[in-house]
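Take a look at the letters that make up each chain.
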Amino acid sequence: MKLVIHPPVDERRLKLVQDAAGDSVEVINAASPDDAAAAMPGAEAFFGKMTPALLARAGGLRWIQSPTASLEHYLFPALIDHPCQLTNMRGLYSDVIADHVMGYVLCFARNLHTYIRRQIQHLYQPEGGGHSGQQYILGPGAVSPIDRAHMHLADQTMGVVGLGAIGLEIRRRAEAFGIRVAAVDPINPDAWPMERLPELLSTSTFVVIAAPHTPRTERMFRTPLFEQMQPSSYLINIGRGAIVVLDDLVEALRSRTIAGAALDVYETEPLPADHPLWDFPNVILTPHIAGNSTRIAERHLALLLDNVRRFAAGDPLRNLVNKSEWF
């Protein structure tokens, strides 16, 4: 058997791949596109960036390992139609991205994004008016202006769109804070069916997009969905930028159709410096870093080596992809 790698990996990782493959698999670490093309005839496995030209030269290819979790920029028609198995790197980022989501949630619940801006201005001012230590004479069950401006998390509901590995971790963390969580997903039986999305939108304080970019989710969140959300709800997108139409989101924020938004991914990246989203005080923007962690590189390598061992032994591969659905 032959495994072709392109772009090439460093010597340390190459040695680990060779050890995982064993004596029955020849590993070709192709340094250039021409080297990769020359190695493809007879190849049964490939790791790296597949192209139509490389695929056309690999008549016996049985397995491709994508180096990425997302596949919208990886797949092409010939690869979708090809009988080979495709695996990806999903599952490496779930806990890290879920932590990022809860960071957004805590900011909105406790107004931390507002207080950080006021710190820069040297402005000592609680949300809701008043000042620290001010006493309110209240009747039974009354809420002070300051308290009204800060959420009690255990009173809130989160709606998760996409209950895959990331969505499950988001749900687990949110529930640890006492938040009630509902989710919709087209294939996970533990979630509501997609037909209940309007119900999820209309009942959630936080609507979290944890879905991949697929033909069905592209430009999914537009004005009609924003209008189904509560005026007091927040949109959080750590899925894919193509899912949310930013012009419609800007209009929903301007019209106060929703209370705010937190985004890590965008239709256009980098987000242009003159984009109106930068100037909303009720919007938190991060530069596509929700999955960043010191642990990701070791997890990436571990999954690759595990699948190489499985392929060499003829065992089932991890993270098989439905190519026509992009996940």
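One can find the structure itself at the top, above this paragraph.
Right, let's walk through the structure included here. These figures come from a predicted structure and were not determined experimentally. (Residues numbered from 1 in each chain as written. Predicted model: local features only at pLDDT ≥ 70, side-chain atom pairs only at ≥ 80, totals over all residues. Heavy atoms only, no water.)

Some details on the overall build of the chain
- Broken down by element type, the chain carries twelve helices and eleven strands.
- Looking at the chain residue by residue over its 327 residues, the buried ones come to 49%.
- Partitioning the contacts of the chain with sequence separation of at least 6, the portion at a separation of at least 24 is 61%.
- If the 29 positive side-chain charges of the chain are averaged to one point and the 35 negative ones to another, these points end up 3 Å apart. (Helix = DSSP H or I, 4+ residues; strand = E, 2+ residues; numbered from the N terminus. Buried < 20%, exposed > 50% of the residue type's maximum accessible area, 1.4 Å probe, protein only. Contact = heavy atoms within 4.5 Å. Lys, Arg positive; Asp, Glu negative; His and termini not counted. Charge placed at Lys NZ, Arg CZ, Asp CG, Glu CD.)

Thoughts on the sheet that holds strand E8 (residues 206-209)
- Taken in spatial order, the six strands line up as E7-E6-E8-E9-E10-E11 in an open sheet, and their pairing is parallel. Strand pairing shows two members of the sheet lacking a second neighbour, strand E7 (180-184) and strand E11 (283-285), which therefore form its edges. This sheet shows a mean twist of 15° between the axes of neighbouring strands, independent of strand direction.
- The pairing of strand E9 (residues 234-237) with strand E10 (residues 260-263) spans four bridges and is parallel. (Pairing = 2+ DSSP bridges. Axes fitted to C-alpha atoms, helices over the stretch in contact; angles between N-to-C directions.)

Quick look at empty space enclosed by the protein
- A complete count under the given rule lists one cavity of 30 Å³ or more for this structure.
- Of the volumes computed, that of the largest cavity is approximately 30 Å³.
- Together, Leu3, Ala21, Val25, Ala45, Trp63, Val308, Phe311 and Ala312 line the largest cavity.
- Counting residues per element, the lining of the largest cavity draws most heavily on helix H12 (residues 296-313), which supplies three residues.
- Class assignment for the residues of the lining of the largest cavity results in eight nonpolar, no polar and no charged. (1 Å grid on protein atoms, 1.4 Å probe; cavity = no way out; pocket = protein on both sides within 12 Å on 5 of 7 lines; lining within 4 Å. Points joined across faces, edges and corners; volume = space filled by probe spheres on them. Nonpolar A, V, L, I, M, F, W, Y, C, P; charged D, E, K, R; others polar.)

Examining the side chain of Asp185
- Mapped onto the elements of the fold, Asp185 is located in the loop between E7 and helix H9 (197-203).
- Although Asp185 is buried, it makes no salt bridge; Arg216 carries the closest opposite charge, 7.9 Å away.
- Separated by 2.9 Å, the side chain of Asp185 and the backbone nitrogen of Ile187 make a polar contact. (Salt bridge = Lys/Arg side-chain N within 4 Å of Asp/Glu carboxyl O. Polar contact = N/O pair within 3.5 Å; in protein donor to acceptor, adjacent residues only side chain to side chain.)

As for the pattern of salt bridges
- Enumeration according to the criterion identifies 17 salt bridges in this entry.
- With a shortest N-O distance of 2.9 Å, Asp19 and Lys15 are connected by a salt bridge. With Asp19 and Lys15 both in helix H1 (residues 11-21) and four residues apart, this pair spans about one turn of that helix.
- A relative accessible area of 45% means that Lys15 is categorised as partly exposed.
- Taking the shortest distance from any N to any O, the salt bridge between Arg173 and Glu169 comes out at 2.4 Å. Of this pair, Arg173 and Glu169 both sit in helix H8 (residues 165-176), four residues apart, which is roughly one turn of that helix. Across the pair, Glu169 and Arg173 agree in class, each one buried.
- Through salt bridges with shared partners, a single network forms among Asp99, Glu169, Arg172 and Arg173.

Read these as layout, nothing more, since geometry by itself doesn't imply function.
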